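Structural overview for review
Chain by chain, the residues:
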2 protein chains.
Amino acid sequence: MKELRNLSLVMDFYELTMSQCYFNQDKNQEVVFDLFYRNNPDNGGLCLFCGLEQVIEYVKNLHFEKEDIEYLRSLQMFSNDFLDYLSTIHFTGDIYAIPEGTPVFPHEPLLRVKAPIIEAQLIETALLLALNHQTLIATKARRIVQASEGRAVMEFGARRAHNFDAAIYGARAAYIAGCVGSATTYAGKEYGLPVLGTMAHSFIQSFSTEYDAFLYYAKTYPNNCTLLIDTYSTLKSGIKNAIRVAKDYLEPNGYRLKGVRIDSGDMAYLSKQVRKELDQNGMQDCGIVVSNSLDEYVIESLIHQQGAKIDSFGVGENLICSKNSPVFGGVYKLVAIEKDGEMIPKIKISDNVEKVTNPGMKTVYRIYDHETGMAQADLLALVDEKFDENEDLTIYHPMSRWKYKVIPGGTYELRELLVPIFKRGQVVYQCPSLDGIREYSKRELDTIWEEIKRFAYPQEYYVDLTKKLLDLKLQLLNEHK
Amino acid sequence: MKELRNLSLVMDFYELTMSQCYFNQDKNQEVVFDLFYRNNPDNGGLCLFCGLEQVIEYVKNLHFEKEDIEYLRSLQMFSNDFLDYLSTIHFTGDIYAIPEGTPVFPHEPLLRVKAPIIEAQLIETALLLALNHQTLIATKARRIVQASEGRAVMEFGARRAHNFDAAIYGARAAYIAGCVGSATTYAGKEYGLPVLGTMAHSFIQSFSTEYDAFLYYAKTYPNNCTLLIDTYSTLKSGIKNAIRVAKDYLEPNGYRLKGVRIDSGDMAYLSKQVRKELDQNGMQDCGIVVSNSLDEYVIESLIHQQGAKIDSFGVGENLICSKNSPVFGGVYKLVAIEKDGEMIPKIKISDNVEKVTNPGMKTVYRIYDHETGMAQADLLALVDEKFDENEDLTIYHPMSRWKYKVIPGGTYELRELLVPIFKRGQVVYQCPSLDGIREYSKRELDTIWEEIKRFAYPQEYYVDLTKKLLDLKLQLLNEHK
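Residues numbered from 1 in each chain as written. Chains lettered and ligands numbered in written order. Predicted model: local features only at pLDDT ≥ 70, side-chain atom pairs only at ≥ 80, totals over all residues. Heavy atoms only, no water.

If you check an unreviewed UniProt entry, chain A appears there as Nicotinate phosphoribosyltransferase from Faecalicoccus acidiformans. On record in UniProt, under Catalytic activity (unreviewed entry), the comment for chain A is "5-phospho-alpha-D-ribose 1-diphosphate + nicotinate + ATP + H2O = nicotinate beta-D-ribonucleotide + ADP + phosphate + diphosphate". Quoted straight from UniProt, the Function (unreviewed entry) entry for chain A says "Catalyzes the first step in the biosynthesis of NAD from nicotinic acid, the ATP-dependent synthesis of beta-nicotinate D-ribonucleotide from nicotinate and 5-phospho-D-ribose 1-phosphate." (UniProt positions renumbered as here; feature names shortened; annotations may be inferred.)

Below, the structure is given as C-alpha cells:
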C-alpha cells in the first residue's frame, strides 16, 4: 500500500480535457452546480446525507504535484501553458451543503458549488464518489438500525467492502446512522468510534476442544467475554460449553458471561433455545448476538414474526455493500452561469420529466409544523427569496402550477438546510464530532413522520418549489420548446 | 484526505483480541489458511482472480506504528507485553497464490497462507477485502467485455464507486479484464492504464450554442475529437452540429471527427440513425460511443437483437459496483495446524454440505487436454502428492467416492496454479506488469470452454479432489460424527 497519496487526480479525465478547452478560450467564468439525487435506494422514503467531512478534506487539499503534472504532460494532450496553470490551481469558490446526518430527499440540492468553471469541474468526481458512497451506507445502516428497534447493531462488513476506503468510510457512515460500533479497527482509531469483535471459528478450531478455547478466552477477557458457540453445534456443544465456562471459571471469580454469538443456522429457533438454557442457569444477563446474512427485512421478521430472543445484531455484506441496492445515484448539474457579471439560470432538458433539473442558484428550507415539531415538506427557493413565517406559504409541485399547498402563517417554521462550508476557497465550517453528527441525526430523524420511514411503499415526502422558482423553470422550459 | 496512511489496522478487531489470547497462552504455532469462495457472482461460470499485487503490498508493509499501539492501549483491553510484541510484529510466513488474471472456480484455494497463527489472523481482513473487491470487479468487467464482442469497453464509473479505493482499484481490475481504459485519471497515473474521456453535458451548456461548444472542443483536440451529442436532441441538433463542425473546421484542416457519444435515449434507434447520417456525409470512420446504464445483458441485446451500430461502450455503475451482484464472498478458513512439529489437517463441519471445507495443506492443478489445449478440470491435491502425466489420473467429486472421472495417461498436462509469493516473510514473486497480466488473462480465458463462459446457466467447471484428499476429508467427517 502506498504510504503517501494525494487523491486530487481521482477525477474523470474529461474534467481535465474540458478544463483545457475553457482555459484556451479564456472562459473561466463563475458557475453554479447542484449536487442532488433522484431516487432513494431500496425504494425507501429518505436518505441520510453523509460524507461531507471527506469532501471538505478533498477540496481543501486540491492541488497537483509535480509528478501529477509530469504524468499529464506525458499524455501529450495538454499544453505547457495549461499545465503551468494547473500546477498552481486550488479551490477559490463557495460551497454550501446540508450538514451530515440530515435526512434528505430526492431532487433537493445536497450541496451547491459556486466557483470558476474549471474548479467546479475538477472537484466533480470526488464530490460525487465521496458523498454517494457514505450516503448510500448511512441510508442502508439507518434502515437496519430502525428494524432492530433499539437492539444494538454492529457493523462487521470490512472483508466484503469494496476495498479499504469502503471499509473505513463505511464504518464511519454506519456509526452516524446509529450502529453502536464497527469491527474495523482503523475506523476506530481514525474516528474514535467503538470497535467490536471477539473471536472467529478458526480460534475455536485451533484449540483441542471448544471448552478449552472458551476457557482461555474467558481468562483473557473475563470482564468482556462473548463466546462464539456455533463452530461444532450450537445446541449440542456450544451453549453447553459456554455455560460450563461461566460456571467453572467466570462466576467463581466474580465475573459474568457477557454474551454468546450465533453465526449460522436458524436464528429464531437457536436463539430461543439458547435463551432458555441461559435462563435456566441463572444467566438472564448474558446477551445473545447473531450475525448471519442479516438485513432489515430478516431482522424485522426475526423480531416480529419469529419472536427470536436476540439482543444484538452483527451485520456484514448487506450493510457495507448495501447489497440489495448498491448504488446511490447522486448527480452534479450546472444550474447557473455567469455572463457579463450576471448569473444566468440554466436548465437541463430531458424527455424524461423526472430528469428535468431545477434551474438557478437555489437553497432548501425544511418546513416544520409549529405544534408537532415535525417536518412537513422541503421547499426549494431561489437564494434571494425572503419569507415571513407569519404569512401564508404556498408551495408548488415541481412541475405544475395547479398542484400546490398553502401553509397558514404562524403555524410553521422554516429552517435553511444549506449552510456555508467554503467561502472564497476558505473553510468556514467547523465539522461536528462524529458523536455530535450521530446525535444530531437521531434528533432529525425524530422529526420525520413514521410513514416516510416505512420500508415498503413509504409515503412520499414533499420537496416543493416556490412560485418564483416554478415560474422560472416553466419559462426556461418554454424557451427550449 | 490524509496524506499518510498505514493501512495495517484495517483489520477486524477480533484478529487482535484472538491474537492476545494466543500470545498469553504462548500458543503461536504454525497454521495453514485457505482463501477461497463458494459461488460465482451473477450466477456465472467463473471468476477472474485479481488484487494480489495489493495483498503483497499490505503483507509486506504489515506493522504497527507508535500511534497504532497507543490507540490500542487506550482501549484498555491489551496488556503491555502484548502491545510490545505487536509493535515489532511483521509477517514471517509463506504465501502461495494463483496469479492475477487467472480464471478461477468455486472451492479451490486462490491463496494459501502458512504462518504463525497470530500473523495468519492479522492479515485475514485485508487479504479478503482486497481480493474480494478486485476479483468482483474483474469478473463483472470480463462479462461486459465478452458481451461487447471485440468492441471497446471503457470504465466510466468512478462517481458511483464505493469511495476512492474502489474507483482506483476497480479501474485496475477492469483493465485486467479487458476494458480498454478508464476515466479515473489517478489509476492512469498509478498503473499506466489508458485514461479516457471528453466532455460532460455541462460543457455543452456552458457555451451559447451546441455548435460553439463542439467547435471549441474540436479546435483544442482536432486529432482526438469525440463529441457528446445528446445534450439538447441527438437527432435534431447533436448529430447535425457534430457533422457541421467536421465539415466546417476539422476536414478543411486535414482532420477527421473521431467519434460521437450518446448518453441518453434509446441506444439502438439513435445509433442506427446517427450511423446513417454519418455515412451519408462520408464519415464512415467516425465511431459511435454509447454510455447509458449499460451492462452485459443490455449490450448483448443491443448487438444481437437490435442491430445497434455501436463501436464502443462506456460503462459506469453496473461495472464499478457490480450492481446486480455486488458482493464477492471470499472466505479464509483454517485447514491445518501444527502440533508437536506435525501439520494436522482440520475440517470445518457444517449442516450445509456446500460449506464443509477441504482439509489439509493443498495445492491446485489445472488439467489441460493435450489435443485441444483446453482446461478440462481443476484438481485439488495435498501438497506432497506426485503425479505422472503418462499414467491415468482419477479425479473425484468433492463429496463422493462413487462419482469420479478417469483421464487417460498421455492425454493431459497438469499445471500447478498456486505459485510462491512469500517465503519466510520475503517476497519471492515478481508482479507482472499490468499489461502482462491483461494479456495473460486473455490467453487463459481462451483455454476455458465457451459453455463455462455463458451468462445464463453456464456449464459447471469441475473442481475435483484426488483420492488421497477425498479419503482424508471423509475420514475427518467420520471422526466428527
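Read on for the rest.
1. A word on the interface of chain A and chain B
Contacts between chain A and chain B engage 108 residues on the former and 108 residues on the latter. Interface area for chain A against chain B, summed over the two sides, is near 9,400 Å², with a carbon-plus-sulfur share of 58%. Viewed at the interface, chain B and chain A are joined by 12 salt bridges. Class assignment for the residues of the side of chain A that touches chain B results in 55 nonpolar, 31 polar and 22 charged. (Contact = heavy atoms within 4.5 Å. Buried area = accessible area lost by both parts, 1.4 Å probe. Salt bridge = Lys/Arg side-chain N within 4 Å of Asp/Glu carboxyl O. Nonpolar A, V, L, I, M, F, W, Y, C, P; charged D, E, K, R; others polar.)

2. Observations concerning helix α6 (residues 124–147) of chain B
All names here are of chain B. For α6, built from 24 residues, the straight-helix expectation of 34 Å at 1.5 Å per residue is met to within 8% by its first-to-last C-alpha distance of 35 Å. Along α6, 22 of the 24 residues are buried, which leaves the element largely enclosed by surrounding structure. Just past α6, the residue glutamate 149 takes up positive phi, approximately 45 degrees. (Helix = DSSP H or I, 4+ residues; strand = E, 2+ residues; numbered from the N terminus. Expected span 1.5 Å × (residues − 1). Buried < 20%, exposed > 50% of the residue type's maximum accessible area, 1.4 Å probe, protein only.)

3. What to know about the side chain of A:Thr363
Relative to the helices and strands, A:Thr363 is located in strand β14 (residues 362–369). One polar contact links A:Thr363 to A:Glu416, side chain to side chain, over a distance of 2.7 Å. (Polar contact = N/O pair within 3.5 Å; in protein donor to acceptor, adjacent residues only side chain to side chain.)

4. Regarding the packing of helix α1 (residues 13–24) of chain A against helix α10 (residues 210–220) of chain B
Look at α1(A) against α10(B): their axes get within 10 Å of each other, and the N-to-C directions meet at 95 degrees. Compared by their axis directions, α1(A) and α10(B) come out roughly perpendicular. Seen from α1(A), the contacting residues are A:Thr17, A:Gln20, A:Cys21 and A:Asn24; seen from α10(B), they are B:Tyr216, B:Tyr217 and B:Thr220. In terms of residue class, the contact of α1(A) with α10(B) is built from three nonpolar, four polar and no charged. (Axes fitted to C-alpha atoms, helices over the stretch in contact; angles between N-to-C directions. Parallel < 35°, antiparallel > 145°, perpendicular 65-115°, else oblique.)

5. Description of the packing of aromatic side chains
Under the counting rule described, the total for this entry stands at 38 aromatic pairs over all chains. Here a set of aromatic residues connected by ring pairs shows up, and it is made of A:Tyr22, B:Phe203, B:Phe207, B:Tyr216, B:Tyr217 and B:Tyr221. Taking the ring centre of B:Phe207 as reference, the NZ or CZ of A:Lys27 above it sits at 4.3 Å. A cation over an aromatic ring shows up here: A:Arg172 above the ring of A:Tyr191, its NZ or CZ 5.7 Å from the ring centre. (Phe/Tyr/Trp six-rings, centres within 6.5 Å; stacked < 30°, edge-to-face > 60°. Lys NZ or Arg CZ within 6 Å of the ring centre and 35° of its normal.)

6. Here we look at the environment of B:Pro103
All names here are of chain B. Residue placement: proline 103 occurs in strand β4 (residues 103–104). Residue classification places proline 103 among the buried positions, given a relative accessible area of 0%. C-alpha of proline 103 to C-alpha of isoleucine 407: the two residues are 304 residues apart in sequence and 22 Å apart in space. Contact partners of proline 103, with chain neighbours within four places excluded, come to Leu46, Cys47, Leu48, Arg366, Glu444, Leu445 and Ile448.

7. Thoughts on the domain arrangement of chain A
Residue and element names in this part refer to chain A. Domain annotation of chain A identifies domain 1 (7–137 + 326–480) and domain 2 (138–320). A straight line from the C-alpha centre of domain 1 to that of domain 2 covers 39 Å. Between domain 1 and domain 2, the contact holds 25 residues from the first and 28 residues from the second. Carbon and sulfur atoms make up 57% of the surface buried where domain 1 meets domain 2, a total of about 2,300 Å² over both sides. Three residues stand out in domain 1 for area buried against domain 2, namely Ile137, Leu434 and Phe455, and they jointly supply 37% of the buried area on that side. (Domains from an automatic or database assignment.)

8. Concerning the pattern of salt bridges
Oppositely charged side chains can pair when the atoms bearing their charge come close. Following the criterion strictly, the structure yields 64 salt bridges over all chains and no others. Residues B:Glu450 and B:Lys453 are paired through a salt bridge, measuring 3.7 Å at the closest nitrogen-oxygen approach. Separated by three residues within a single helix, B:Glu450 and B:Lys453 lie in helix α16 (residues 450–453), roughly one turn from each other. Residue B:Lys453 is classed as buried on the basis of its relative accessible area of 7%. Members of the salt-bridge network, linked through shared partners, are A:Arg5, A:Asp165, B:Arg5 and B:Asp165.

9. Quick look at unusual backbone geometry
The phi dihedral of A:Asn163 falls on the positive side, at around 85 degrees, and the residue is not glycine. For A:Asn163, the position within the fold is in the loop between β6 (152–155) and α7 (164–176). Accessibility expressed as a relative area gives 1% for A:Asn163, which makes it buried. The phi dihedral of B:His107 falls on the positive side, at around 75 degrees, and the residue is not glycine. Within the fold, B:His107 resides in the loop between β4 and β5 (111–116).

10. Here's the deal with the environment of B:Leu470
Residue and element names in this part refer to chain B. Relative to the helices and strands, leucine 470 is located in helix α17 (residues 467–480). On the basis of relative accessible area, leucine 470 is assigned to the buried category, the value being 0%. Placed 90 residues apart in sequence, leucine 470 and leucine 380 show a C-alpha to C-alpha distance of 9.4 Å.

11. Focus on the packing of helix α11 (residues 234–250) of chain A against helix α12 (residues 267–280) of chain A
Residues and elements named next belong to chain A. Put simply, α11 and α12 touch, their axes get as near as 11 Å, and they point 35 degrees apart. Here the hand of the crossing between α11 and α12 comes out right-handed. In contact with Thr234, Leu235, Ile239, Lys240 and Ile243 of α11, α12 contributes Tyr269, Leu270, Gln273, Val274, Glu277 and Leu278. Taken together, the residues of the contact of α11 with α12 sort by class into seven nonpolar, two polar and two charged. (Left-handed = near helix turned anticlockwise from the far one by under 90°.)

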